Structure formats: C-alpha cells, structure tokens
Amino acid sequence: MDQIKVTLKGGVEKTYTKGVTLIEIAGDISRKLSKEAVAAKVDGVIKDIGSKLYDDCQVEILTFDDEEGRKVFWHSTSHVMAQAVKRLFPEVKLAIGPAIDEGFYYDFDREESFSTSELEKIEKEMARIIAEDYAFCREDVPRKEALDDLQKHDEPYKVELVQDLPEDAHISFYRQGEFMDLCAGPHIPSTGRIKAFKLTSLAGAYWRGDEHNKMLQRIYGISFPKKPMLDEYMTRMEEAKKRDHRKLGKELDLFSIHEEGPGFPFFHPKGMVLWNLLTDFWRKEHQKRGYQEIKTPIILNEELWRRSGHWEHYKENMYFTKIDEMDYAVKPMNCPGGILMYKTDSHSYRDLPIRLGELGIVHRHELSGVLHGLMRVRCFTQDDAHIFMMPSQIEDEIIGVIDLVDYFYKIFGFEYNVELSTRPEDSMGSDELWEQATSALQKALEKKGMPYKINEGDGAFYGPKIDFHLKDSLGRTWQCGTIQLDFQMPERFDLTYIGADGEKHRPVMIHRVIFGSIERFIGILIEHFAGAFPVWLAPVQARVLPISEKHMDYACKVKKRLEDAGIRVELDERNEKIGYKIREAQMQKLPYMLIVGDKEAGDNTVSVRVREKGDVGQKSIEEFIEDIKSLTSKFN
RNA sequence: GCUGAUGUGGCUCAGGGGUAGAGCAGCGCACUCGUAAUGCGCAGGUCGCCGGUUCAAAUCCGGCCAUCAGCUCCA
C-alpha cells in the first residue's frame, strides 16, 4: 500500500496512506482541530477539508482563527444566504457572493427591493438551512455542461461569469441540499458549522462594479462558528460607532456641517486649535527640510486650466464662475498656481530642487452620495508642495517625501498601507514617460523596502502616484498622503532651468501631500484617539474645577498662571458639585482636571486628576506646568 | 449620480389624521459642596422644505433637500 509524506505547519512530518483526507489529518493532530477545521492549505492552495491527498505535500489546517479560514467560512455563509433567498424568492437571479474583510455579501437581481421584514424572513430560512446541516459537495463540470445548466436555470449573471472564464478553466459547482451554485470554493464541511450569523445591511451595487450596468441588491452579513463571537462583534461595532468623528466632532464641539453647505465643514474654536497645532507642526517640519511656503489664489482664469489639462480631464469635478464676462475656475488642485510661481523667475540647476509648500484650499465637486463628515468633503485644505527638480534628483526627492510621511504618521501612532497607482484611462502624455515615472516611484519604494500594493489605473491624469492610506474606526481606509511624479505639467507649461552646460532643460515635478487634506486628517485623528487627544493636541489641556464658589478667586489665579505659561486652560465657573464638573470634563475627554478647594488654596497647589488614571494627588502649580511642558515640548 | 433607510426643541429619542412629549443641555432660585449627574422652577419646536388628499396633516400621498449604509468616483 502506498504511503505519502505530509509536512505539517510546524515542520513535523507524518506518513499517511494515499487517499487520506485533510479532515483525517486534522483529527490525527487533535480532536479539537478536526472540529474547528474549516479548510486546509495544501502546498499553498486552499482546499476543501474533505479533499483527498495522493502525493507528498505540505499541509496547513485552517480554522476560523486564520484569515483565510474566516473567508472560507463567510463565503460558505453567503451560499447559505443565496439558498435561503432562492427558496423564498425563486425568481431572483444570482450574481456573486464573496467573503469580504469582515463578513460576506451576495448580489441579487430582483425587481422589487428587499424589505427589512424580508431580510428577517431570509434570516429565518438561513437558520433552517443551517439546522438541516447540509454538506457542501463539490462537482466538477465541463464548460459546455455548466453553460447549458445555468442557461436552463435562467441564471444570466452566472452564464456571463462562465463565458468569461478561459476555455481551459476548471469549472466547479458546490451543492448544499437542493441548492447549487457556480463556485471555485473551497467551502466549510457543512452548513451546520455556522453557529451564529446576522444580515447587517442592504445596499445597491452595480453588476461588476460598473455604473453603466444594472444595479443589483447587495445583502451584507457576518457569521461565526460560536454564538458569543457574534455578540462580541456587535459590541465591537457599537464601540466603533462611538469613535465616529462625526459624532465626536459634535460632542466635543470641534466642527459642524450644515444643510446650507453640504460637504463644506465649519470649524469651531476647538477644532481650529487642533487645526492650527497641525499646521504649526507642519510648517516647522517643512522649514527644517528646505521647503518654502507660498500661497496661490483660489480662483484663476479658465485658460490656465485648459493648459494644465484639468479642463479636459477634471472638469466634472470643478466649479466655474465668471468675472467681468470672463471665464474663471475655482481651483481643484494647487499645481497650476505653483507652476505660475515657478515661471515668474528663471532658474539655475544650482537652485534645484525647489520645494514650494502651500496649505492650499481646493474645491471639488464630489457626488452627493460620497460625502462623509470630514473624510470626504467638497472643500478642503491640502498640505501641498511641488518640488521642481532635475531628473537626476528624482529618487532622492521621492525618498525624502516617503521618509517625511513616515515621520509624520509615526508621531501620531498611525499604521498605514502603501499603494502604487498606475496610469488611468483618462490621462495625458506618452506611455514612455509614464513608464519612466512609474518605475521611478517603484524603485524608490523598493529601495525603502516598503511593502506596497499596485493599484492599477488609479493614478492622477498627469502622473503615477504613491498613496498612503489610513484606517478609520470601522476599518475603512482613506487616502491621505500621496506622492505624484509628473513629467507632463513641466512640458505643458514649458518649464525650464538652465543647466551647467548653459542650455535650457526640462525640470520634473513632484506633487505631494503629507496629511493629505487637513480636514480628512483631523477626521482620522479624532477616530484614532476616540476624541481623547494626547496633551499636545488637546484643544483644552486642563480645566480648573473649584470645589465651591468660595474657591473661585484661587481658581482664577491658577488659570491665569497656566495661561501665562502657554497652557490651554479653562475654568469651570458653574455653581455645581465637584462630581458633576468632573463628570463633564471627563466626558469632554480633557487630559487634566485641576481640582482646587481649601487645601489647594492654602498651599498654592492643585489636585491633579488625569483623564486615564483618575486622582493622582496634589502638586504645586509650577510642578504641573513642568509636567505638561515636558510632554509637549518636542512638538512646539 | 445610483440603491435602500432616515429626518420631531441645542443633543439623544418617544409619539403618530383631531391644536406637540421625555431625558440631557440652557436659564432662574436654593444648597457652598472633595474626585463621573443636588433639588425645585422656567423657557425652548412653522415635527427637513414644497405641493396634494382631507372638515382637519407632524402623522397619508408625491416631488425636492439633507443625513446614514453601500456602489461608482477620489485627498
């Protein structure tokens, strides 16, 4: 009888009879694992747990604890949902139903939209399917047969999917009970493994993500192998919602957005403190790195935008206006202004690189459905800079910006991921220059050893870009920093510098932002800290809380002393009990509360209550000032 | 822009064809208080906007606007 050698995850080698199944191997490792296994990786390929092995291989058993295991689990749940929908609404056409980062969805085509009560019915039917505990069975089918079958069942979207598969592709179906779905798999052993699930939302989604296609109905859900995990998930979602910058922005009185100006945020005094702290820090760090600051106008003649290519490639996003019968545009980007400034003088190669920074206010017409608090607005301030340089300086400059982004994000404790966005369809310039620019960015990333993902076709219309993405409280990612390499604008505007040879040469441009938009960055910041900003960023660093009205004079004195020391301090003058004032300060997430009563007034001290720790005892006023200074000095 | 949901005092929300309700916040008064809500009182709303049905609309219907989730699009 033939034996095969199986190498397990830890490097352990075991021998099994040919034809052994993965679930048998899991059972051999431990009983627990055989119960929890949802799939397995064989030589790096994910397989059904019931698959048989005939050759020597490496095996890794996957459970719900593995990301890939979770995806299999969720994908299987989407099949269960599709089965339930088909049972209840046989006329519905199936599109696709993949797992996503957290959960799964399935897209359905149905004339009427699903109602909340219908979702509940679907959930009940899913529970029934799970109780019936059908096994997931794989069936490999020849292409022709698959097509005939899907046509017979009138599943036009599935037919389209099969037609798009290469001629020689393996086509497989998975069956559970009476339901069968085109699917590459793999799947969990049976529907009974799903112990808890919930359909979370309903939304429209275009077939194949193309807005020219029909809009389908997408039902989102989540599922787990153990019931308490669902409760944990729901609690986590609730917690995440509490960090929402739109909610906290209101509660902490940082900003507001009104019906009168959708997408045009108003910054309140406390929000402006945060804003100014960020821009002060930005200016200081940029000065150190050889940047000069400029300011260019918000409205410029339309002719400029035609020359820059914005008219042709970006006008859908632009606002236009007339001045004295002439056409003008509100700037959606700062680059043409920066370019005009470069052109006001001639430049020697000795001056390069020239780094011109600008906190530029730009307006963009975003579709109404995409506006989102401070994260996606129609007017925002970019911490922009344009670097004009010789081709030989490209790599150093890109690396300089990458380092700067990393330096900034680390200050705030942000983790980020990097994408390289390549040439979009609607763009200008020769393939050759695009190729050159893209590989320059790529080279810089590789030199930094920075992991990145390629985002095909997502570059700016004038050049490829490196994007830095940050996560919000719900795990949605937002592009913040970006570095764009541009050979086109210098060409269009006939930018030159005089080289060592005395001849005119063409400079290259980098467009870059670090925060991205100050608005968006503040949004991210609010969610990251859940509104509890570190002392250096807190709009109010300390609040003086007098025990009773008797202590008001001393409290004023303390406040004055702290103000003089440059600390952002407030005094709670209301005639309330100390517990009440503490509660309020705590809910406003102020880092320090300074309680003053008879004791403190007597010996010139304050009782310090720290946001995270509670009462830490009495300190002299000077000592408290020193404490704050030592925490904030490196940012000022 | 598309699909679905939502829109009631500053905030959170209840109500639902017969002249608007709570809690918190605000204001006033009393208490002068030691580490997460003192008590009493007062004031505050054309129920998103416009139109229709009706003797009567916050409530039913239609349109629009905004918000939320997602799609598409992007810092």
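Residues numbered from 1 in each chain as written. Chains lettered and ligands numbered in written order. Predicted model: local features only at pLDDT ≥ 70, side-chain atom pairs only at ≥ 80, totals over all residues. Heavy atoms only, no water.

Within the largest apolar cluster, 61 residues are counted, with the highest numbers of intra-cluster contacts made by Ile466, Leu485 and Leu537. Top element by residues in this core is helix 13 (residues 394–412). It accounts for 10 residues. Judged by nonpolar contacts, the second largest core, of 39 residues, contains Ala82, Val85, Met126 and Tyr174. (Core = buried A, V, L, I, M, F, W, Y, C linked by side-chain atoms within 4.5 Å. Buried < 20%, exposed > 50% of the residue type's maximum accessible area, 1.4 Å probe, protein only. Helix = DSSP H or I, 4+ residues; strand = E, 2+ residues; numbered from the N terminus.)

Spatially, the three strands line up as an open sheet ordered 11-12-13, and their pairing is antiparallel. In the strand order of this sheet, the two ends are held by strand 11 (137–141) and strand 13 (179–182), each with one partner. Taken over all neighbouring pairs, the strand axes of this sheet differ in orientation by 30 degrees on average, direction set aside. Here strand 12 (residues 171–176) runs beside strand 13; their pairing, made up of four bridges, is antiparallel. Paired with Tyr174 across the bridge in strand 13 is Asp181. Of the strands in this sheet, strand 12 and strand 13 touch helix 3 (residues 67–88), which is tilted by about 125 degrees from strand 13. (Pairing = 2+ DSSP bridges. Axes fitted to C-alpha atoms, helices over the stretch in contact; angles between N-to-C directions. Contact = heavy atoms within 4.5 Å.)

This part is about the packing of helix 13 against helix 14 (residues 431–448). Geometry of a packed helix pair, given as the angle between the helix axes and the separation of the axes. The geometry of helix 13 relative to helix 14 is characterised by a closest axis approach of 9 Å and an angle of 55 degrees between their N-to-C directions. Looking at the two axes, helix 13 sits oblique to helix 14. In this structure, helix 13 crosses over helix 14, and the sense of that crossing is right-handed. Packed against helix 13, whose contacting residues are Ile394, Glu395, Ile398, Ile399, Ile402 and Asp403, the element helix 14 presents Ala440, Leu441, Lys443, Ala444, Leu445, Lys447 and Lys448 at the interface. Class assignment of the residues belonging to the contact of helix 13 with helix 14 gives a composition of eight nonpolar, no polar and five charged. (Parallel < 35°, antiparallel > 145°, perpendicular 65-115°, else oblique. Left-handed = near helix turned anticlockwise from the far one by under 90°. Nonpolar A, V, L, I, M, F, W, Y, C, P; charged D, E, K, R; others polar.)

Tallying each qualifying case throughout the model produces 56 salt bridges. With a shortest N-O distance of 3.7 Å, Asp149 and Lys152 are connected by a salt bridge. Here Lys152 and Asp149 lie together in helix 5 (residues 143–152), a separation of three residues that amounts to about one turn. Among the residues examined, Asp149 registers a relative accessible area of 25% and is labelled partly exposed. A salt bridge links Lys322 to Asp327; its shortest N-O distance comes to 2.7 Å. For Asp327, a relative accessible area of 32% corresponds to the partly exposed category. Taken together, the salt bridges that share partners define one network made up of Arg87, Glu125, Arg128, Glu132 and Glu178. (Salt bridge = Lys/Arg side-chain N within 4 Å of Asp/Glu carboxyl O.)

It is worth spelling out the side chain of Thr7 at this point. Relative to the helices and strands, Thr7 is located in strand 1 (residues 3–7). Given the relative accessible area of 17%, Thr7 is considered buried. Leaving out residues up to four positions away in the same chain, Thr7 has contacts with Val12, Glu13, Cys57, Gln58 and Val59.

This part covers the environment of Phe64. Relative to the assigned elements, Phe64 resides in the loop between strand 7 (57–62) and helix 3. A C-alpha to C-alpha distance of 7.4 Å links Phe64 and Pro225, two positions 161 residues apart in sequence. Among residues more than four places away in sequence, those in contact with Phe64 are Glu36, Val38, Arg70, Phe73, Trp74, Ser223, Phe224, Pro225 and Met229.

An order of 18-22-23-30-27-26-24-25 is seen for the eight strands of this open sheet, with the pairing classed as mixed. At either margin of the open sheet sits one strand with a lone partner, and together these are strand 18 (291–293) and strand 25 (452–455). Taking the axes of each pair of neighbouring strands and ignoring which way they run, one obtains an average angle of 25 degrees across the sheet. Here strand 23 (residues 379–389) pairs with strand 30 (residues 508–517) via seven bridges, running antiparallel. Looking at strand 30, one finds that Asp384 is bridged to Val513. Against the sheet, helix 14 makes contact with strand 24 (417–421), strand 25, strand 26 (465–471) and strand 27 (477–486), and its axis sits at roughly 160 degrees relative to strand 24, the strand it touches most. The strands that helix 16 (residues 518–528) touches are strand 22 (354–363), strand 23, strand 26, strand 27 and strand 30; relative to strand 30, the one it contacts most, it runs at about 40 degrees.

Omega for the bond connecting Leu352 with Pro353 falls within 30 degrees of zero, at 0 degrees, which places this linkage in the cis form. Along the polypeptide, Pro353 turns up in the loop between helix 12 (335–343) and strand 22. Residue Arg208 is not a glycine yet carries a positive backbone phi of 60 degrees. Structurally, Arg208 is set in the loop between strand 14 (196–206) and strand 15 (215–224). We classify Arg208 as partly exposed; its relative accessible area is 41%.

Turning our eyes to something else, we now look at the domain arrangement of chain A. In terms of domain boundaries, chain A breaks down into domain 1 (3–63), domain 2 (68–242), domain 3 (257–296 + 332–528) and domain 4 (542–635). Inter-centroid distance (C-alpha atoms) of domain 1 to domain 4 is 63 Å. (Domains from an automatic or database assignment.)

The buried fraction of strand 33 (residues 592–596) amounts to five of the five residues, a majority that puts the element mostly inside the structure. Side chains Tyr592, Leu594 and Val596 project from strand 33 onto one buried face, and the interleaved Met593 and Ile595 project onto a second face that is buried too. Bridging between strand 31 (residues 542–546) and strand 33 involves five bridges; their strand directions are parallel. If you follow Leu545 over to strand 33, its bridge partner there is Ile595. In terms of strand pairing, strand 33 meets strand 34 (residues 605–610) through four bridges, oriented antiparallel. Looking at strand 34, one finds that Ile595 is bridged to Ser607.

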